[in-house]
Amino acid sequence: MRHLLSLEGLALEDMDWILLQSRGFKHQRGNHPRPLQGQTWAMMFAKSSTRTRVSFEVGIHELGGRPLFLNAMDIQLGRGEPVKDTARVLGRMVHGAIIRTYAQRDVEEFARYAQIPTINALTDEEHPCQVLTDIFTFQEKRGSMQGRVVTFIGDGASNMANSWIFAAAKMGFELRIAAPRPFQPAPAVLQRAGGRVMVTENVAEAAAGSDLLYTDVWVSMGKEAEAAERLKILSGYQINASVLRLAKPDALVMHCLPAYRGKEIDEETFEAHATTIFDEAENRLHVQKAVLAWLVAK
Ligand code: CP
Ligand code: NVA
């Protein structure tokens, strides 16, 4: 049985298949196969979401299935029912599950007990659907990732940074992470991934000659208690005109959204690259349809 629990666990050939099919789903919207015909997919979310929720609900519907949105706090899980019991119940009723939560092990435990295709829709450790989409968006605008330089600026210990680290190792592009010491990637993640990753406190060094500048919020969901400290420590790690000037002249700027202007990116740079950023948001729909199709493919 297939799952998408992390980019760490996704084989390169499967990643390539998903990226290729995403193009078809995008260009044949309204006229593509409906492999989820007659199916119900549960979406169990313990954190807020705009893009992930809407893109999966619309995507499942357009693939012929029915999304069943479950706020994790509204079901018995929120009152302490174990993940493995929730999984065994849902596994007998629905055909697949999409989970947004805190601990990566909860998504993995759910998949193990539910015995239905399961997608990680963001955990504290990874956001695989987002990075697959980011790569699809880059390829759509600039072609192959081979030999490219991607620079991630900001919270280098975040779920987004981790998924980029695993993607870089698999796809063979150079990843640079500019982050202050307390928010640099965990050595264990770098070691597990392998690949070429430059980790530095120096934003200019990381941005020089880059093909893609990428950032994410400084305060991820679940880290609100650290907000004041994070805003202070991360304050120099912003994408703005002076950083962009160091990148390649045709460098793309991407953001997974939501964006906090004046924090990880300034208003002017965000608006100058809004077309890319909102294409990236739209592409969640197309790429996740390909993920769903891959999960149910024989
Ligand atoms: N980028 C992303 O996953 O957005 P949401 O939190 O709105 O789903
Ligand atoms: N790192 C962010 C990503 C939001 C899509 C968070 O976890 O809140």
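Visitor: Residue-level account of the pattern of salt bridges, with values.
Guide: Close approach of charged atoms allows side chains with opposite charge to pair. Summed over the entire model, instances satisfying the criterion amount to 18 salt bridges. Residue R148 pairs with D211 through a salt bridge whose shortest N-O separation is 3.3 Å. Here R148, found in the loop between helix 5 (128-142) and strand 5 (149-153), pairs with D211, found in the loop between helix 8 (203-207) and strand 8 (212-215); they are 63 residues apart in sequence, far enough to count as distant. Given a relative accessible area of 5%, D211 falls into the buried group. Ionic contacts of the salt-bridge type, sharing partners, join the residues R29, E62 and K289 into one network.

Visitor: Can you lay out the site of ligand 2 for me, pointing to particular residues and giving the numbers?
Guide: Residues in close proximity to ligand 2 include L122, N159, D216, V217, S220, M221 and L257, which together make up its full environment. Interatomic distance of 2.8 Å between a side-chain N/O atom of N159 and a nitrogen atom of ligand 2. Against a free-state accessible area of 270 Å², the protein chains account for coverage of 95% of ligand 2. For the shell around ligand 2, the per-class residue count stands at four nonpolar, two polar and one charged.

Visitor: Describe the nonpolar core, naming the residues involved and giving the relevant values.
Guide: Grouped together as the largest cluster of nonpolar side chains are 53 residues, with contacts concentrated most on I98 and W164. Once residues lying within four places of it in the same chain are set aside, the contact partners of I98 are W41, A42, M43, M44, F45, F56, I60, I119, A121 and L292.

Visitor: Describe the site of ligand 1, listing the residues and the values that go with them.
Guide: Lining the immediate surroundings of ligand 1 are S49, T50, R51, T52, R100, H127, Q130, C256, L257 and R284. Contact distances for ligand 1 include 2.8 Å between a nitrogen atom and a backbone N or O atom of C256. At a separation of 3.0 Å, a nitrogen atom of ligand 1 approaches a polar backbone atom of L257. When the free accessible area of ligand 1 is taken as 260 Å², the share hidden by the protein chains comes to 95%. Taken together, the residues of the shell around ligand 1 break down into two nonpolar, five polar and three charged.

Visitor: Mind laying out the environment of A293, listing which residues take part and the relevant values?
Guide: One can find A293 in helix 12 (residues 274-296). Taking the relative accessible area as the measure of exposure, A293 reaches 10% and is therefore buried. Sequence separation between A293 and E13 is 280 residues, and the spatial gap between their C-alpha atoms is 15 Å. Sequence-distant contacts of A293, that is, excluding residues within four places in its chain, are made with W17, F25 and P35.

Visitor: Tell me about the side chain of N159, and please be specific about residues and values.
Guide: By secondary structure assignment, the location of N159 is in helix 6 (residues 159-171). Beyond its immediate sequence surroundings of up to four residues, N159 is in contact with L122, T123, D124, E125, E126, H127, D216 and S220.

Visitor: Could you give me a rundown of the packing of aromatic side chains, with the residues and numbers involved?
Guide: Working definition: an aromatic ring pair is given by the centre-to-centre distance plus the angle between the planes. Under the criterion given, the structure shown has five aromatic pairs. On the numbers, 5.9 Å between centres and 20 degrees between planes, the contact of F152 with Y214 is stacked. Note that F152 is positioned in strand 5 and Y214 in strand 8, a separation of 62 residues in sequence. Exposure remark for F152: the relative accessible area of 1% places this residue in the buried category. Its relative accessible area of 0% is what places Y214 among the buried residues. Taking the centre distance of 5.2 Å and the plane angle of 65 degrees together, the rings of W164 and Y214 count as edge-to-face. Here Y214 lies in strand 8 and W164 lies in helix 6, a separation of 50 residues in the sequence. Across the pair, Y214 and W164 agree in class, each one buried.

Visitor: Which residues make up the sheet that holds strand 3 (residues 96-100), and what values do they have?
Guide: With respect to topology, four strands assemble into an open sheet ordered 2-1-3-4, the strand pairing being parallel. One side of each edge strand has no neighbouring strand; the edge strands of this open sheet are strand 2 (66-71) and strand 4 (118-120). When strand polarity is set aside, the average angle formed by the axes of neighbouring strands in this sheet is 20 degrees. The strands touched by helix 2 (residues 51-62) within the sheet are strand 1 (40-45), strand 2, strand 3 and strand 4, with strand 1 carrying the most contacts at an inclination of about 175 degrees.

Visitor: For the pairing of strand 3, give the residues involved together with the corresponding values.
Guide: Of all five residues in strand 3, five are buried; the element is thus mostly enclosed. Covered by surrounding structure in strand 3 are G96, I98 and R100 together with A97 and I99, the residues of both alternating faces. By the bridge criterion, five bridges tie strand 1 to strand 3 in an arrangement that is parallel. By the bridge assignment for strand 3, A42 is matched with A97.

Rules and cut-offs
- The residue count restarts for each chain, going from 1 along the sequence in the order it is written.
- Lettering for chains starts from A, numbering for ligands starts from 1, and both go in the order in which the items are written.
- For a predicted model such as this one, the threshold for reporting local features is a pLDDT of at least 70, and the threshold for listing and counting side-chain atom pairs is 80 or more; totals across whole chains, interfaces and linings nevertheless cover every residue.
- For the side-chain quantities, the full set of heavy atoms in the structure was used; hydrogens and water were omitted.
- Salt bridges, as used here, are contacts in which a Lys or Arg side-chain nitrogen is within 4 Å of a carboxyl oxygen on Asp or Glu.
- Helix and strand assignments follow DSSP, with helices taken as H or I runs no shorter than four residues and strands as E runs no shorter than two, numbered in order from the N terminus.
- Each residue gets one of three labels from its accessible area relative to the maximum for its type: buried under 20%, exposed over 50%, partly exposed in between, using a 1.4 Å probe on protein chains only.
- If a single non-hydrogen atom of a residue is within 4 Å of a molecule or strand, that residue counts as near it.
- Between N or O atoms, a polar contact is any pair within 3.5 Å; within protein, one atom must be a potential hydrogen donor and the other a potential acceptor, and residues adjacent in sequence are included only when both atoms are from side chains.
- In this description, accessible areas are obtained by the Shrake-Rupley approach with a 1.4 Å probe, and a residue is regarded as covered only by the protein chains that are shown.
- Residues are grouped as follows: Ala, Val, Leu, Ile, Met, Phe, Trp, Tyr, Cys and Pro are nonpolar; Asp, Glu, Lys and Arg are charged; every other residue, Gly included, is polar.
- Buried Ala, Val, Leu, Ile, Met, Phe, Trp, Tyr and Cys residues form a nonpolar core when they are joined through side-chain atoms within 4.5 Å.
- The contact definition used throughout considers only heavy atoms, calling two residues in contact when any of these lie within 4.5 Å.
- Two rings from Phe, Tyr or Trp (for Trp, the six-membered ring) form a pair when their centres sit within 6.5 Å of each other. Planes less than 30 degrees apart are called stacked, planes more than 60 degrees apart edge-to-face, and all others tilted.
- Only strands joined by at least two bridges in the DSSP assignment are considered to pair.
- To obtain an axis, a line is fitted to C-alpha atoms, over the contacting stretch when the element is a helix, and the angle between two such axes runs from 0 to 180 degrees between their N-to-C directions.

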